[in-house]
Amino acid sequence: TQARAAMSELQVAMATGEPFADALAQIDAEVPDALQAAAETGVPTLEELQTAFPAAARAALAEANRENAEDGVIGGLGAFLQNQLGGRSIEPREGDDPDAVLSRVGAAVEAGDLTTALTEVEALPEGARAEMDGWVTQVETRAAADAAMAELAATLDN
């Protein structure tokens with residue numbers, strides 16, 4: 001009963017981004033490393049990740065456009081205009097260009113599918129990925145904690 005109450009407390013803390021060290025201390029089972037690492041600070045909420053994505057995507061797309069202009073893929077004027085307008089696809093679309101990749105990352109994040117979002121980010125050019133490093137780190141932290149939470153719940157159910 002105490003473990004179930006602690007798990008409920010842990011679920012609320014994960015949903016709200018609050019620290020959860022006290023809840024973990026009440027669980028008499030091996031706690032996965034990803035949860036222990038985030039216990040004192042909490043993890044980013046899905047809402048926080050969703051809110052932060054557009055700025056990270058714009059920065060990544062601007063960097064990809066800059067690289068493409070340098071490589072002669074698109075003209076310097078075209079890259080400048082694209083960056084000034086800040087336009088990017090918000091509906092998921094096919095393709096391997098950075099805008100298409102970011103559209104799919106955004107759709108995955110909106111759906112709460114962080115694993116797919118992380119997989120899609122890998123398809124970005126190196127410079128664009130580097131622009132998203134801070135956001136990706138936050139997503140990785142959340143995804144690892146979610147997986148650890150499921151692992152812990154399965155352990156307690158047995």
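Treat the numbers as computed from the prediction; the structure is a model and nothing was measured.

The rules behind these values
Residues numbered from 1 in each chain as written. Predicted model: local features only at pLDDT ≥ 70, side-chain atom pairs only at ≥ 80, totals over all residues. Heavy atoms only, no water. Helix = DSSP H or I, 4+ residues; strand = E, 2+ residues; numbered from the N terminus. Buried < 20%, exposed > 50% of the residue type's maximum accessible area, 1.4 Å probe, protein only. Contact = heavy atoms within 4.5 Å. Areas by Shrake-Rupley, 256 points an atom, 1.4 Å probe, with all protein chains shown as cover. Patch = residues over 30% accessible without salt bridge, like charges linked within 9 Å, V, L, I, M, F, W, Y side chains within 5 Å. Salt bridge = Lys/Arg side-chain N within 4 Å of Asp/Glu carboxyl O. Lys, Arg positive; Asp, Glu negative; His and termini not counted. Charge placed at Lys NZ, Arg CZ, Asp CG, Glu CD. Core = buried A, V, L, I, M, F, W, Y, C linked by side-chain atoms within 4.5 Å.

**Student:** Would you mind showing me how to read the overall build of the protein chain here?
**Tutor:** Each helix and strand in the protein chain was counted, giving nine helices and zero strands. Listing each helix as α and each strand as β along the protein chain from the N terminus yields α-α-α-α-α-α-α-α-α. The buried share of the protein chain, reckoned over its 158 residues, is 39%. Looking at the protein chain alone, contacts between residues at least 24 apart form 58% of all its contacts between residues at least 6 apart. Summed over all atoms, the accessible surface of the protein chain reaches about 8,700 Å², with 50% contributed by carbon and sulfur.

**Student:** Explain a negative patch on the surface here, please?
**Tutor:** Taken together, the side chains of Glu-122, Glu-131, Asp-133 and Glu-140 define an acidic patch exposed on the protein surface. By the element assignment, Glu-131 lies in helix 8 (residues 126–131).

**Student:** I tried to follow the nonpolar core on my own but got confused; where do I start?
**Tutor:** Grouped burial of nonpolar side chains is what soluble globular proteins tend to show. Membership of the largest hydrophobic core comes to 23 residues, with the highest contact counts inside it found for Phe-53, Leu-102, Val-105, Leu-124, Met-132 and Trp-135. Secondary-structure elements contributing two or more residues to this core are helix 4 (46–70), helix 6 (98–110), helix 7 (114–121) and helix 9 (133–157). The greatest single-element share of this core, amounting to seven residues, is contributed by helix 4. Setting aside its immediate chain neighbours within four residues, Leu-124 contacts Pro-98, Val-101, Leu-102, Arg-129 and Met-132. Leu-10, Met-14, Ile-27 and Val-43 belong to the second-largest nonpolar core, a separate cluster that totals 18 residues.

**Student:** Sorry if this is basic, but what is going on with the environment of Glu-67 here?
**Tutor:** As for its position among the elements, Glu-67 is in helix 4. C-alpha separation for the pair Glu-67 and Pro-125, spaced 58 residues apart in sequence, amounts to 9.0 Å.

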